Amino acid sequence: MNREIDLASTIVAIATPPGVGALGIIRISGPAALEIASKIFQGKHELSPWHLVQGNLFDFESGEFFDEATAVYFPASRSYTREDMVELICHGSPVILEEVVRLALKAGARMAHPGEFTLRAYLNGRIDLLQAEAVNDLIRATSLRQARLSFYQLNGRLSRKIDGLRESLIYILSQIEAAIEFPDEGILLDKEQIRKKIKEVIGELDKLIESHNLGEAMMRGVTLALVGRANVGKSTLFNALLEKDRAIVSPFPGTTRDYLEEKIKIDDLIFNLVDMAGLGKPDHPVEEEGIRRGRQLASQAEGLLIILDNSQPLCDADLEILSLARDKKAIFVLNKIDLPAQIEREKLNALAGGSKLIEVSALFRLNLDKLKRSIAEVFSPALNKNYENVIFHWREKAALERTKEALTQVLEKQNGGYSDEIIAEELRLAADTLGQLTGEIKSEEIINAIFSEFCIGK
Ligand SMILES: Nc1nc2c(ncn2[C@@H]2O[C@H](COP(=O)(O)OP(=O)(O)OP(=O)(O)O)[C@@H](O)[C@H]2O)c(=O)[nH]1
Ligand SMILES: [Mg+2]
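Predicted model only: the values in this text are computed from it and were never measured. (Residues numbered from 1 in each chain as written. Chains lettered and ligands numbered in written order. Predicted model: local features only at pLDDT ≥ 70, side-chain atom pairs only at ≥ 80, totals over all residues. Heavy atoms only, no water.)

Q: Sorry, what's going on with the overall build of the protein here?
A: For the protein, the helix and strand inventory stands at 15 helices and 13 strands. Computed over C-alpha atoms, the radius of gyration of the protein comes to 29 Å, more than 25% over the 23 Å expected from 2.2 N^0.38 for 458 residues, which places it beyond the range of a compact globule. The principal-axis extents of the C-alpha atoms in the protein amount to approximately 80 × 80 × 35 Å. Taking all 458 residues of the protein together, 49% fall into the buried category. When contacts within the protein are restricted to residue pairs at least 6 apart in sequence, those whose partners lie at least 24 apart make up 68%. With the model as given, the accessible surface of the protein reaches about 22200 Å², and the carbon-plus-sulfur share is 51%. Across the protein, 56 positive and 69 negative side-chain charges occur, with their mean positions spaced 4 Å apart. (Helix = DSSP H or I, 4+ residues; strand = E, 2+ residues; numbered from the N terminus. Rg over C-alpha atoms; globule rule 2.2 N^0.38 Å. Buried < 20%, exposed > 50% of the residue type's maximum accessible area, 1.4 Å probe, protein only. Contact = heavy atoms within 4.5 Å. Areas by Shrake-Rupley, 256 points an atom, 1.4 Å probe, with all protein chains shown as cover. Lys, Arg positive; Asp, Glu negative; His and termini not counted. Charge placed at Lys NZ, Arg CZ, Asp CG, Glu CD.)

Structure below.
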(Lines give C-alpha, C1' and ligand atoms only; values in the text may rest on other atoms or scores of the structure.)
(Ligands and ions follow the chains in the order given, each with its own letter.)
Protein backbone atom coordinates (compact mmCIF):
# COMPACT_ATOMS: atom_id res chain seq x y z
CA MET A 1 0.00 0.00 0.00
CA ASN A 2 1.38 3.38 -0.93
CA ARG A 3 -0.03 6.05 1.27
CA GLU A 4 -0.08 9.59 0.06
CA ILE A 5 1.25 12.05 2.50
CA ASP A 6 -1.61 14.43 3.08
CA LEU A 7 -1.64 16.71 6.07
CA ALA A 8 -4.29 19.09 4.75
CA SER A 9 -7.34 16.98 5.50
CA THR A 10 -8.93 16.34 8.85
CA ILE A 11 -9.04 12.66 9.75
CA VAL A 12 -11.37 10.65 11.96
CA ALA A 13 -11.27 7.14 13.43
CA ILE A 14 -12.59 5.05 16.27
CA ALA A 15 -9.67 4.63 18.67
CA THR A 16 -11.11 1.84 20.80
CA PRO A 17 -11.23 -1.80 19.67
CA PRO A 18 -14.20 -3.14 17.71
CA GLY A 19 -17.07 -4.57 19.75
CA VAL A 20 -19.11 -3.49 22.74
CA GLY A 21 -17.40 -1.73 25.65
CA ALA A 22 -18.23 0.56 28.53
CA LEU A 23 -16.72 3.49 26.69
CA GLY A 24 -15.64 4.23 23.15
CA ILE A 25 -13.36 6.95 21.86
CA ILE A 26 -13.38 8.74 18.53
CA ARG A 27 -10.44 10.86 17.50
CA ILE A 28 -10.52 13.73 15.06
CA SER A 29 -7.28 15.40 13.96
CA GLY A 30 -6.49 18.15 11.49
CA PRO A 31 -7.18 21.79 10.76
CA ALA A 32 -10.99 21.43 10.94
CA ALA A 33 -11.08 19.16 14.02
CA LEU A 34 -12.65 21.70 16.34
CA GLU A 35 -15.20 22.83 13.78
CA ILE A 36 -16.25 19.27 12.89
CA ALA A 37 -16.44 18.13 16.52
CA SER A 38 -18.54 21.15 17.43
CA LYS A 39 -21.17 20.08 14.89
CA ILE A 40 -21.50 16.62 16.42
CA PHE A 41 -21.03 17.47 20.08
CA GLN A 42 -23.11 19.96 22.03
CA GLY A 43 -21.32 20.67 25.29
CA LYS A 44 -22.52 22.30 28.47
CA HIS A 45 -19.59 24.65 27.91
CA GLU A 46 -17.68 25.60 24.84
CA LEU A 47 -14.71 23.35 23.99
CA SER A 48 -11.54 24.94 25.35
CA PRO A 49 -7.98 23.58 25.44
CA TRP A 50 -7.32 20.69 27.80
CA HIS A 51 -10.75 20.81 29.46
CA LEU A 52 -13.02 17.84 29.71
CA VAL A 53 -16.44 19.08 28.67
CA GLN A 54 -19.65 17.15 29.26
CA GLY A 55 -22.41 17.18 26.71
CA ASN A 56 -24.42 15.19 24.19
CA LEU A 57 -23.85 13.79 20.73
CA PHE A 58 -26.01 15.48 18.15
CA ASP A 59 -27.13 14.41 14.69
CA PHE A 60 -27.05 17.67 12.78
CA GLU A 61 -29.00 16.08 9.93
CA SER A 62 -32.06 14.95 11.89
CA GLY A 63 -31.67 17.40 14.75
CA GLU A 64 -31.74 14.57 17.32
CA PHE A 65 -29.41 13.76 20.19
CA PHE A 66 -28.21 10.16 20.47
CA ASP A 67 -25.78 9.75 23.41
CA GLU A 68 -24.10 11.43 26.33
CA ALA A 69 -20.44 12.17 25.79
CA THR A 70 -17.43 14.06 27.02
CA ALA A 71 -15.00 15.84 24.76
CA VAL A 72 -11.47 17.14 25.05
CA TYR A 73 -9.89 19.64 22.71
CA PHE A 74 -6.11 19.39 22.27
CA PRO A 75 -4.73 22.39 20.41
CA ALA A 76 -1.96 21.70 17.89
CA SER A 77 0.84 23.02 20.10
CA ARG A 78 0.76 20.00 22.42
CA SER A 79 -1.48 17.38 20.86
CA TYR A 80 -0.51 13.80 19.92
CA THR A 81 -0.41 14.62 16.22
CA ARG A 82 0.76 18.21 16.63
CA GLU A 83 -2.47 19.19 14.91
CA ASP A 84 -5.71 20.38 16.40
CA MET A 85 -7.37 17.30 17.85
CA VAL A 86 -10.62 16.45 19.54
CA GLU A 87 -11.34 13.22 21.36
CA LEU A 88 -14.96 12.31 21.92
CA ILE A 89 -15.66 9.79 24.65
CA CYS A 90 -19.10 8.20 24.51
CA HIS A 91 -20.70 4.88 25.37
CA GLY A 92 -18.90 1.96 23.76
CA SER A 93 -21.65 0.92 21.38
CA PRO A 94 -20.51 0.19 17.82
CA VAL A 95 -23.75 1.79 16.55
CA ILE A 96 -23.03 5.07 18.29
CA LEU A 97 -19.34 5.09 17.41
CA GLU A 98 -20.07 4.44 13.75
CA GLU A 99 -22.71 7.15 13.72
CA VAL A 100 -20.21 9.68 15.09
CA VAL A 101 -17.76 8.70 12.36
CA ARG A 102 -20.50 8.97 9.70
CA LEU A 103 -21.39 12.46 10.87
CA ALA A 104 -17.73 13.51 11.02
CA LEU A 105 -17.31 12.37 7.42
CA LYS A 106 -20.46 14.30 6.45
CA ALA A 107 -19.00 17.35 8.16
CA GLY A 108 -15.85 17.18 6.05
CA ALA A 109 -13.46 14.75 7.70
CA ARG A 110 -12.05 11.68 5.95
CA MET A 111 -11.38 8.22 7.38
CA ALA A 112 -7.92 7.87 8.84
CA HIS A 113 -5.64 5.16 7.46
CA PRO A 114 -4.14 2.69 9.91
CA GLY A 115 -1.42 4.49 11.88
CA GLU A 116 -2.18 7.86 10.36
CA PHE A 117 -2.40 9.69 13.68
CA THR A 118 1.07 8.46 14.59
CA LEU A 119 2.29 9.13 11.04
CA ARG A 120 1.20 12.75 11.47
CA ALA A 121 2.96 12.91 14.83
CA TYR A 122 6.11 11.82 13.00
CA LEU A 123 5.68 14.06 9.95
CA ASN A 124 4.95 17.03 12.20
CA GLY A 125 8.16 16.37 14.12
CA ARG A 126 6.75 15.35 17.48
CA ILE A 127 8.33 11.90 17.43
CA ASP A 128 10.81 10.12 15.20
CA LEU A 129 10.36 6.81 13.40
CA LEU A 130 11.79 4.69 16.20
CA GLN A 131 9.35 6.28 18.60
CA ALA A 132 6.47 5.79 16.17
CA GLU A 133 7.33 2.13 15.88
CA ALA A 134 7.47 1.90 19.67
CA VAL A 135 3.85 3.08 19.83
CA ASN A 136 2.77 0.05 17.82
CA ASP A 137 5.02 -2.29 19.80
CA LEU A 138 3.62 -0.95 23.06
CA ILE A 139 0.04 -1.57 21.97
CA ARG A 140 0.89 -5.09 20.90
CA ALA A 141 3.23 -5.90 23.78
CA THR A 142 3.25 -9.56 24.72
CA SER A 143 4.63 -9.01 28.22
CA LEU A 144 5.10 -6.23 30.71
CA ARG A 145 8.85 -6.40 30.13
CA GLN A 146 8.38 -5.80 26.43
CA ALA A 147 5.88 -3.03 27.12
CA ARG A 148 8.39 -1.34 29.40
CA LEU A 149 11.16 -1.54 26.82
CA SER A 150 8.84 -0.12 24.16
CA PHE A 151 7.83 2.63 26.54
CA TYR A 152 11.50 3.61 26.96
CA GLN A 153 11.88 3.55 23.21
CA LEU A 154 8.83 5.77 22.90
CA ASN A 155 10.47 8.08 25.36
CA GLY A 156 13.41 8.38 23.01
CA ARG A 157 16.04 6.23 24.68
CA LEU A 158 16.93 4.30 21.51
CA SER A 159 16.64 7.44 19.37
CA ARG A 160 19.14 9.26 21.59
CA LYS A 161 21.53 6.33 21.30
CA ILE A 162 21.27 6.22 17.50
CA ASP A 163 21.47 10.01 17.18
CA GLY A 164 24.59 9.99 19.36
CA LEU A 165 26.28 7.38 17.18
CA ARG A 166 25.30 9.23 14.05
CA GLU A 167 26.69 12.50 15.43
CA SER A 168 30.02 10.82 16.17
CA LEU A 169 30.19 9.65 12.56
CA ILE A 170 29.21 13.04 11.20
CA TYR A 171 31.89 14.70 13.31
CA ILE A 172 34.57 12.38 11.89
CA LEU A 173 33.15 12.91 8.42
CA SER A 174 33.39 16.69 8.82
CA GLN A 175 37.07 16.38 9.78
CA ILE A 176 37.82 14.24 6.74
CA GLU A 177 35.84 16.52 4.44
CA ALA A 178 37.67 19.58 5.74
CA ALA A 179 40.97 17.89 4.95
CA ILE A 180 39.72 17.06 1.45
CA GLU A 181 38.31 20.50 0.79
CA PHE A 182 41.21 22.57 2.09
CA PRO A 183 44.27 20.55 1.12
CA ASP A 184 46.56 23.55 1.45
CA GLU A 185 45.71 24.32 5.02
CA GLY A 186 47.69 21.38 6.27
CA ILE A 187 44.84 19.81 8.26
CA LEU A 188 46.29 16.69 9.81
CA LEU A 189 43.87 13.85 10.38
CA ASP A 190 44.48 11.88 13.53
CA LYS A 191 43.86 8.50 11.90
CA GLU A 192 44.41 6.56 15.09
CA GLN A 193 41.84 8.67 16.90
CA ILE A 194 39.37 8.18 14.03
CA ARG A 195 39.89 4.41 14.10
CA LYS A 196 39.37 4.34 17.83
CA LYS A 197 36.11 6.27 17.56
CA ILE A 198 34.82 4.09 14.74
CA LYS A 199 35.61 0.94 16.71
CA GLU A 200 33.69 2.37 19.63
CA VAL A 201 30.68 2.95 17.40
CA ILE A 202 30.95 -0.60 16.04
CA GLY A 203 31.01 -1.91 19.63
CA GLU A 204 27.78 -0.06 20.38
CA LEU A 205 26.19 -1.34 17.16
CA ASP A 206 27.17 -4.89 18.10
CA LYS A 207 25.35 -4.61 21.42
CA LEU A 208 22.20 -3.41 19.69
CA ILE A 209 22.39 -6.09 17.00
CA GLU A 210 22.85 -8.77 19.64
CA SER A 211 19.79 -7.57 21.56
CA HIS A 212 17.60 -8.43 18.58
CA ASN A 213 17.79 -12.06 19.62
CA LEU A 214 15.89 -11.15 22.77
CA GLY A 215 13.60 -8.69 20.98
CA GLU A 216 12.64 -11.34 18.46
CA ALA A 217 11.94 -13.93 21.16
CA MET A 218 9.72 -11.43 22.98
CA MET A 219 7.82 -10.15 20.01
CA ARG A 220 7.48 -12.88 17.40
CA GLY A 221 8.61 -16.02 19.16
CA VAL A 222 11.27 -18.64 18.50
CA THR A 223 10.09 -21.69 16.55
CA LEU A 224 11.04 -25.03 18.07
CA ALA A 225 10.27 -28.35 16.40
CA LEU A 226 9.65 -31.46 18.50
CA VAL A 227 11.43 -34.24 16.66
CA GLY A 228 11.89 -37.90 17.48
CA ARG A 229 10.80 -41.36 16.44
CA ALA A 230 7.13 -42.35 16.48
CA ASN A 231 5.69 -43.04 19.93
CA VAL A 232 8.51 -41.43 21.96
CA GLY A 233 5.95 -39.05 23.48
CA LYS A 234 6.28 -35.90 21.37
CA SER A 235 2.57 -35.10 21.48
CA THR A 236 2.38 -35.90 25.20
CA LEU A 237 5.25 -33.49 25.83
CA PHE A 238 3.70 -30.90 23.50
CA ASN A 239 0.45 -31.05 25.49
CA ALA A 240 2.28 -30.99 28.82
CA LEU A 241 4.25 -27.88 27.86
CA LEU A 242 1.10 -26.16 26.59
CA GLU A 243 -0.81 -27.29 29.65
CA LYS A 244 -3.71 -28.31 27.46
CA ASP A 245 -4.87 -31.37 25.62
CA ARG A 246 -4.12 -30.09 22.15
CA ALA A 247 -2.61 -33.04 20.26
CA ILE A 248 -4.02 -36.56 20.09
CA VAL A 249 -1.95 -39.04 22.04
CA SER A 250 -2.19 -42.83 21.67
CA PRO A 251 -0.08 -45.90 22.37
CA PHE A 252 0.07 -46.61 18.62
CA PRO A 253 3.04 -45.31 16.65
CA GLY A 254 2.13 -42.95 13.83
CA THR A 255 -0.63 -41.07 15.71
CA THR A 256 0.42 -37.58 14.64
CA ARG A 257 0.49 -37.19 10.89
CA ASP A 258 -0.03 -33.52 10.26
CA TYR A 259 1.80 -30.91 12.23
CA LEU A 260 0.42 -28.69 15.01
CA GLU A 261 1.78 -25.33 16.06
CA GLU A 262 1.07 -23.55 19.36
CA LYS A 263 2.69 -20.79 21.36
CA ILE A 264 3.93 -21.04 24.91
CA LYS A 265 5.35 -18.31 27.08
CA ILE A 266 8.34 -18.90 29.30
CA ASP A 267 9.03 -15.81 31.40
CA ASP A 268 8.67 -13.01 28.88
CA LEU A 269 9.63 -15.06 25.86
CA ILE A 270 7.41 -16.69 23.29
CA PHE A 271 8.16 -20.08 21.78
CA ASN A 272 6.23 -21.52 18.85
CA LEU A 273 6.20 -25.25 19.45
CA VAL A 274 5.63 -27.56 16.50
CA ASP A 275 4.49 -31.13 17.11
CA MET A 276 4.78 -33.41 14.11
CA ALA A 277 4.85 -36.95 12.81
CA GLY A 278 7.58 -39.19 14.15
CA LEU A 279 10.63 -39.34 11.92
CA GLY A 280 11.56 -42.88 10.90
CA LYS A 281 10.11 -45.65 8.81
CA PRO A 282 6.55 -44.87 7.69
CA ASP A 283 3.84 -47.56 7.74
CA HIS A 284 1.38 -45.64 5.64
CA PRO A 285 1.54 -43.16 2.72
CA VAL A 286 -0.09 -40.44 4.87
CA GLU A 287 2.57 -40.95 7.50
CA GLU A 288 5.20 -40.72 4.79
CA GLU A 289 3.90 -37.31 3.78
CA GLY A 290 3.80 -36.31 7.47
CA ILE A 291 7.44 -37.27 7.78
CA ARG A 292 8.38 -35.35 4.67
CA ARG A 293 6.69 -32.23 6.08
CA GLY A 294 8.23 -32.89 9.48
CA ARG A 295 11.72 -32.93 8.03
CA GLN A 296 11.04 -29.71 6.19
CA LEU A 297 9.71 -28.04 9.34
CA ALA A 298 12.64 -29.26 11.38
CA SER A 299 14.98 -27.74 8.85
CA GLN A 300 13.15 -24.39 9.02
CA ALA A 301 12.78 -24.26 12.81
CA GLU A 302 15.14 -22.11 14.81
CA GLY A 303 15.73 -24.86 17.34
CA LEU A 304 14.93 -28.50 18.04
CA LEU A 305 13.71 -30.52 20.97
CA ILE A 306 15.06 -33.95 20.14
CA ILE A 307 13.00 -36.48 22.04
CA LEU A 308 14.10 -40.01 22.96
CA ASP A 309 12.23 -42.80 24.69
CA ASN A 310 14.03 -43.96 27.84
CA SER A 311 12.18 -47.29 27.74
CA GLN A 312 13.51 -48.30 24.30
CA PRO A 313 17.08 -49.06 23.23
CA LEU A 314 18.65 -46.52 20.88
CA CYS A 315 18.19 -47.54 17.25
CA ASP A 316 19.54 -46.31 13.93
CA ALA A 317 16.59 -43.96 13.42
CA ASP A 318 17.40 -42.32 16.78
CA LEU A 319 20.99 -41.84 15.74
CA GLU A 320 19.92 -40.19 12.52
CA ILE A 321 17.60 -37.88 14.42
CA LEU A 322 20.30 -37.06 16.97
CA SER A 323 22.52 -35.97 14.13
CA LEU A 324 20.06 -33.13 13.35
CA ALA A 325 21.66 -31.32 16.30
CA ARG A 326 24.76 -30.83 14.21
CA ASP A 327 23.20 -28.02 12.19
CA LYS A 328 20.93 -26.46 14.76
CA LYS A 329 20.64 -25.51 18.39
CA ALA A 330 18.96 -28.40 20.16
CA ILE A 331 18.02 -29.79 23.54
CA PHE A 332 17.95 -33.57 23.99
CA VAL A 333 14.91 -34.64 25.93
CA LEU A 334 14.96 -38.13 27.43
CA ASN A 335 11.28 -38.92 27.97
CA LYS A 336 9.52 -41.67 29.96
CA ILE A 337 12.01 -41.71 32.83
CA ASP A 338 9.21 -43.21 34.93
CA LEU A 339 9.83 -46.47 33.02
CA PRO A 340 12.89 -48.74 33.43
CA ALA A 341 15.83 -47.45 31.41
CA GLN A 342 16.82 -49.23 28.22
CA ILE A 343 19.21 -46.54 27.10
CA GLU A 344 22.83 -46.45 28.19
CA ARG A 345 23.29 -43.10 29.81
CA GLU A 346 27.02 -42.79 29.04
CA LYS A 347 26.45 -43.50 25.39
CA LEU A 348 23.70 -40.91 25.28
CA ASN A 349 25.79 -38.30 27.07
CA ALA A 350 28.54 -38.86 24.56
CA LEU A 351 26.08 -38.51 21.68
CA ALA A 352 24.60 -35.34 23.13
CA GLY A 353 28.01 -33.70 22.84
CA GLY A 354 27.62 -30.03 23.64
CA SER A 355 23.82 -30.11 23.70
CA LYS A 356 21.88 -30.15 26.96
CA LEU A 357 20.22 -33.40 28.00
CA ILE A 358 17.12 -33.12 30.16
CA GLU A 359 15.33 -36.14 31.60
CA VAL A 360 11.56 -35.87 31.87
CA SER A 361 8.36 -37.79 32.09
CA ALA A 362 5.83 -35.99 29.97
CA LEU A 363 3.09 -38.29 31.19
CA PHE A 364 3.76 -37.63 34.86
CA ARG A 365 4.94 -34.06 34.28
CA LEU A 366 8.32 -34.63 35.86
CA ASN A 367 11.09 -32.05 35.33
CA LEU A 368 9.02 -29.91 32.98
CA ASP A 369 10.03 -26.71 34.77
CA LYS A 370 13.65 -27.67 34.35
CA LEU A 371 13.01 -28.26 30.65
CA LYS A 372 11.29 -24.89 30.29
CA ARG A 373 14.20 -23.13 31.99
CA SER A 374 16.63 -24.84 29.62
CA ILE A 375 14.51 -23.90 26.61
CA ALA A 376 14.69 -20.24 27.61
CA GLU A 377 18.42 -20.41 28.28
CA VAL A 378 19.44 -22.35 25.19
CA PHE A 379 17.21 -20.69 22.61
CA SER A 380 17.36 -17.16 23.92
CA PRO A 381 20.86 -16.69 25.26
CA ALA A 382 20.25 -12.97 25.71
CA LEU A 383 17.44 -13.66 28.19
CA ASN A 384 19.22 -12.50 31.29
CA LYS A 385 21.11 -9.62 29.80
CA ASN A 386 19.99 -6.29 30.99
CA TYR A 387 20.00 -4.41 27.72
CA GLU A 388 19.34 -0.72 27.90
CA ASN A 389 17.84 -0.87 24.43
CA VAL A 390 16.34 -3.89 22.73
CA ILE A 391 15.93 -4.08 18.97
CA PHE A 392 12.56 -5.61 18.13
CA HIS A 393 12.47 -5.47 14.34
CA TRP A 394 14.38 -7.01 11.46
CA ARG A 395 14.31 -3.70 9.64
CA GLU A 396 16.23 -2.08 12.46
CA LYS A 397 18.64 -4.95 12.88
CA ALA A 398 19.36 -4.94 9.14
CA ALA A 399 20.02 -1.18 9.18
CA LEU A 400 22.41 -1.57 12.10
CA GLU A 401 24.22 -4.37 10.27
CA ARG A 402 24.49 -2.25 7.14
CA THR A 403 25.96 0.56 9.21
CA LYS A 404 28.44 -1.79 10.81
CA GLU A 405 29.42 -3.16 7.41
CA ALA A 406 30.08 0.34 6.06
CA LEU A 407 32.20 1.19 9.12
CA THR A 408 34.16 -2.03 8.78
CA GLN A 409 34.83 -0.95 5.19
CA VAL A 410 36.06 2.41 6.47
CA LEU A 411 38.59 0.66 8.71
CA GLU A 412 39.69 -1.69 5.95
CA LYS A 413 40.00 1.03 3.36
CA GLN A 414 41.99 3.18 5.73
CA ASN A 415 44.36 0.27 6.17
CA GLY A 416 44.45 -0.34 2.45
CA GLY A 417 45.54 3.24 1.79
CA TYR A 418 42.37 4.28 -0.04
CA SER A 419 41.76 7.98 -0.67
CA ASP A 420 39.96 10.14 1.88
CA GLU A 421 37.15 10.66 -0.66
CA ILE A 422 36.35 6.95 -0.77
CA ILE A 423 36.56 6.65 3.00
CA ALA A 424 34.26 9.67 3.39
CA GLU A 425 31.74 8.02 1.10
CA GLU A 426 31.55 4.88 3.27
CA LEU A 427 31.22 7.01 6.36
CA ARG A 428 28.40 8.99 4.81
CA LEU A 429 26.63 5.75 3.93
CA ALA A 430 26.92 4.62 7.55
CA ALA A 431 25.62 7.93 8.91
CA ASP A 432 22.75 8.01 6.41
CA THR A 433 21.68 4.48 7.29
CA LEU A 434 21.39 5.51 10.92
CA GLY A 435 19.52 8.62 9.80
CA GLN A 436 16.97 6.48 7.98
CA LEU A 437 16.49 4.40 11.07
CA THR A 438 15.28 7.34 13.11
CA GLY A 439 13.55 8.84 10.08
CA GLU A 440 15.78 11.91 10.18
CA ILE A 441 16.37 10.96 6.56
CA LYS A 442 12.97 10.14 5.09
CA SER A 443 12.43 7.00 3.05
CA GLU A 444 8.94 6.45 1.72
CA GLU A 445 9.47 2.72 1.59
CA ILE A 446 10.36 2.51 5.27
CA ILE A 447 7.52 4.79 6.28
CA ASN A 448 5.04 2.62 4.37
CA ALA A 449 6.44 -0.54 5.90
CA ILE A 450 6.11 0.79 9.43
CA PHE A 451 2.71 2.43 9.34
CA SER A 452 0.93 -0.29 7.41
CA GLU A 453 1.38 -2.50 10.49
CA PHE A 454 -0.63 -0.16 12.68
CA CYS A 455 -4.28 -0.49 13.60
CA ILE A 456 -6.90 2.09 12.66
CA GLY A 457 -7.26 4.96 15.07
CA LYS A 458 -3.64 5.02 16.24
N1 LIG B 1 5.16 -44.12 30.81
C2 LIG B 1 5.16 -43.05 30.01
N3 LIG B 1 4.46 -43.07 28.88
C4 LIG B 1 4.48 -41.98 28.09
C5 LIG B 1 5.21 -40.81 28.43
N6 LIG B 1 5.04 -39.90 27.46
C7 LIG B 1 4.22 -40.48 26.54
N8 LIG B 1 3.89 -41.71 26.92
C9 LIG B 1 3.01 -42.66 26.19
O10 LIG B 1 3.63 -43.00 24.97
C11 LIG B 1 2.62 -43.24 23.98
C12 LIG B 1 2.89 -42.37 22.76
O13 LIG B 1 2.77 -41.01 23.11
P14 LIG B 1 2.56 -39.86 22.04
O15 LIG B 1 2.66 -38.58 22.76
O16 LIG B 1 1.36 -40.13 21.22
O17 LIG B 1 3.88 -40.10 21.17
P18 LIG B 1 4.31 -39.37 19.82
O19 LIG B 1 5.77 -39.27 19.84
O20 LIG B 1 3.56 -38.12 19.63
O21 LIG B 1 3.90 -40.45 18.75
P22 LIG B 1 3.52 -40.24 17.19
O23 LIG B 1 2.57 -39.14 17.05
O24 LIG B 1 2.94 -41.58 16.83
O25 LIG B 1 4.82 -40.01 16.49
C26 LIG B 1 1.30 -42.91 24.65
O27 LIG B 1 0.72 -44.13 25.08
C28 LIG B 1 1.69 -42.05 25.83
O29 LIG B 1 0.81 -42.14 26.92
C30 LIG B 1 5.94 -40.81 29.66
O31 LIG B 1 6.59 -39.87 30.07
N32 LIG B 1 5.87 -41.98 30.41
MG1 LIG C 1 2.25 -37.52 18.18
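Q: Looking at this structure, I do not really get the packing of aromatic side chains. What am I missing?
A: Aromatic ring pairs are reported here in terms of the distance separating the ring centres and the angle at which the planes meet. Applying the stated criterion across every chain, the model contains five aromatic pairs. Relative to Tyr-152, the ring of Phe-151 has its centre 5.6 Å away and its plane inclined at 50°; by these criteria the two rings are tilted. Look at Phe-151 and you get partly exposed, because its relative accessible area is 40%. The side chain of Arg-78 reaches across the aromatic face of Trp-50, ending 4.7 Å from its centre. (Phe/Tyr/Trp six-rings, centres within 6.5 Å; stacked < 30°, edge-to-face > 60°. Lys NZ or Arg CZ within 6 Å of the ring centre and 35° of its normal.)

Q: Explain unusual backbone geometry here, please?
A: What is expected of a backbone is that most residues other than glycine have negative phi and most peptide bonds are trans. Although it is not a glycine, Asn-231 sits at a positive phi angle of roughly 75°. You can see Asn-231 is positioned in the loop between strand 8 (222–228) and helix 8 (234–242). In this structure, Arg-365 takes a positive phi of about 55° despite not being glycine. Examined against the element boundaries, Arg-365 turns out to sit in the loop between strand 13 (356–359) and helix 12 (368–379).

Q: Which parts of the structure should I look at to understand empty space enclosed by the protein?
A: Over the atoms, a rolled probe matching the size of one water molecule traces out where space is still vacant. On inspection of all chains with the given rule, the structure shows one cavity of 30 Å³ or more. Lining of the largest cavity is provided by Leu-149, Gln-153, Leu-158, Asn-389, Val-390 and Phe-392. Across the lining of the largest cavity, the residue classes tally to four nonpolar, two polar and no charged. (1 Å grid on protein atoms, 1.4 Å probe; cavity = no way out; pocket = protein on both sides within 12 Å on 5 of 7 lines; lining within 4 Å. Points joined across faces, edges and corners; volume = space filled by probe spheres on them. Nonpolar A, V, L, I, M, F, W, Y, C, P; charged D, E, K, R; others polar.)

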